[in-house]
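So the chains spell out like this:
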Amino acid sequence: MIWYPYQQMKTMKQPYKIINAEGVYLYTEDKKLIDSVSSWWSVIHGYKHPELNKALISQVERFSHVMLGGLTHEPVQKLSEKLKSWLPEDLDYCFFSDSGSVAVEVSLKMALQYFTNLGETQRTMVLALEHAYHGDTFKTMEVGDDEDYHFVLKTYGKSKNVIHVPTKIKDLEDAFMKHHDRLNSFIVEPLLQGAGGMRMYDISFLKKARQLCNKYGVLLIFDEVATGFGRTGNRFVADLVQPDILVLGKALTGGYIGHAVTVANQKVYNGFYSDDLTKAFMHGPTFMGNALACSVALKSIEIFEQENYMSKIHRIEEITKREMKGFFDARIKEIRIMGACVCVEVFDSSTLKGYQQFAYARGVFSRPFLNYLYAMVPYIIEEPQLIKVLDTIKQWFND
Ligand SMILES: Cc1ncc(COP(=O)(O)O)c(C=O)c1O
């Protein structure tokens with residue numbers, strides 16, 4: 001029996017059974033649905049993309065997986081070279097893993113060991129944002145700040161190694177002033193905090209964070225598992241402000257296979273580079289650098305570049321802003337739009353009860369959570385399809 005995520009199994013309604021998927025569409029026995037969630041924001045090219053399929057099939061005919069312990073292979077070499085040239089500045093060193101949560105764990109462990117290797121063993125603390133979400137494994141829950149997901153941690157009491165700040169410059173300055181000599185890193189979902197409520201904040205906060213990290217020698221980590229590959233209207237937020245460690249996942253493989261990467265800059269890498277074996281990074285997920293994942297990721301990046309996805313994303317943002325302009329309902333607290341993400345936050349979560357079924361009946365798959373009704377569509381969506389997603393949201397409030 002399947003144990004489903006984030007569900008009370010006793011009262012859960014039956015999930016929709018998907019029998020096929022192509023482009024922006026999911027198919028059930030009786031419905032064709034536009035997927036407005038992109039399978040948790042990962043399926044940026046839509047489903048069953050012919051070129052991605054081809055890349056996978058041709059790799060599967062060679063081999064699907066070999067470990068990176070003592071072995072290497074062309075797909076992982078090519079992908080890491082591509083990322084090195086594609087990512088800003090000296091974000092050059094790719095450590096692969098099998099999911100976003102693990103890649104975030106890797107970044108936090110890397111930051112901690114970086115300072116241990118330098119002999120600064122007092123730097124055990126991590127600064128993180130209020131309302132942050134970085135995954136569901138233990139350390140990611142700890143740096144996260146979301147009681148709706150991670151209340152189980154309460155039994156441990158407050159962690160003495162994690163501090164949370166709001167996205168306000170004054171609070172950030174105060175936190176650095178007070179804790180800088182004990183901090184190893186500051187981790188953020190840059191510009192757009194996803195599962196914590198699609199909260200958006202200004203780039204000036206990240207610029208200040210970069211300055212403070214430089215001033216106090218703290219590593220800046222961008223968790224771009226959700227925001228990477230264009231979601232915010234920037235290819236990566238790391239193109240605007242450069243972190244020391246960048247974490248990518250979800251759309252890395254175009255949503256085909258779970259895979260992620262933690263990319264370190266030269267400074268971080270140098271902290272491990274030594275004749276001393278004890279300074280090596282002791283981590284190695286079984287499926288890191290999986291050949292199928294790397295092949296499909298490489299093809300996904302090629303398509304992203306060749307078909308100018310950034311212009312598609314800007315178009316999605318433009319249409320969304322145009323369609324949502326002037327739309328208002330007294331039950332709505334705020335409508336937020338950034339890149340290919342739109343979120344309607346309501347005052348009371350009961351306002352969204354029944355929305356999923358309402359959208360299903362109209363040919364849209366949606367999955368609101370808490371007070372947030374949102375769309376993060378595949379970038380290949382066409383204008384009438386996007387308008388349908390947005391109209392369905394508006395109709396819910398107007399009916
Ligand atoms: C910002 C962020 N980091 C990390 C994760 C965890 O990724 P995964 O579900 O692949 O473990 C997520 C998942 O939603 C995320 O949004």
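The structure we're discussing is the one just above.
### A short note on the packing of aromatic side chains
Given two aromatic rings, one states the distance between the centres and the angle between the planes to describe the pair.
Right, so step 1: What the rule picks out here adds up to 27 aromatic pairs.
Right, so step 2: Ring plane angle 65 degrees and centroid distance 5.1 Å describe the contact between Phe358 and Trp396, whose orientation is recorded as edge-to-face. Pair noted here: Phe358 is in helix α12 (residues 355-361) and Trp396 is in helix α13 (residues 383-398), with a separation of 38 residues, a long-range link. Accessibility classification places Phe358 together with Trp396 in one group, the buried group.

### Considering the site of the ligand
Right, so step 1: The immediate surroundings of the ligand are formed by Trp41, Ser99, Gly100, Ser101, Tyr133, His134, Gly135, Glu189, Asp223, Val225, Ala226 and Lys250.
Right, so step 2: Take Asp223: an N or O atom from its side chain is 2.7 Å from a nitrogen atom of the ligand.
Right, so step 3: Looking at the shell around the ligand, its residues break down into four nonpolar, five polar and three charged.

### Regarding the packing of helix α7 (residues 169-179) against helix α8 (residues 203-216)
Right, so step 1: Look at α7 against α8: their axes get within 10 Å of each other, and the N-to-C directions meet at 15 degrees. Viewed along their axes, α7 and α8 adopt a mutual orientation that is roughly parallel. Once α7 is placed against α8, the crossing between them reads as right-handed. Counting all contacts with α7, which are made through Ile169, Leu172, Glu173, Phe176 and Met177, the residues of α8 involved are Ser204, Phe205, Lys208, Ala209, Leu212, Cys213 and Tyr216.
Right, so step 2: Tallied by class, the residues present in the contact of α7 with α8 amount to nine nonpolar, one polar and two charged.

Quick notes on the rules
Residues numbered from 1 in each chain as written. Predicted model: local features only at pLDDT ≥ 70, side-chain atom pairs only at ≥ 80, totals over all residues. Heavy atoms only, no water. Phe/Tyr/Trp six-rings, centres within 6.5 Å; stacked < 30°, edge-to-face > 60°. Helix = DSSP H or I, 4+ residues; strand = E, 2+ residues; numbered from the N terminus. Buried < 20%, exposed > 50% of the residue type's maximum accessible area, 1.4 Å probe, protein only. Near = heavy atom within 4 Å. Polar contact = N/O pair within 3.5 Å; in protein donor to acceptor, adjacent residues only side chain to side chain. Nonpolar A, V, L, I, M, F, W, Y, C, P; charged D, E, K, R; others polar. Axes fitted to C-alpha atoms, helices over the stretch in contact; angles between N-to-C directions. Parallel < 35°, antiparallel > 145°, perpendicular 65-115°, else oblique. Left-handed = near helix turned anticlockwise from the far one by under 90°. Contact = heavy atoms within 4.5 Å.

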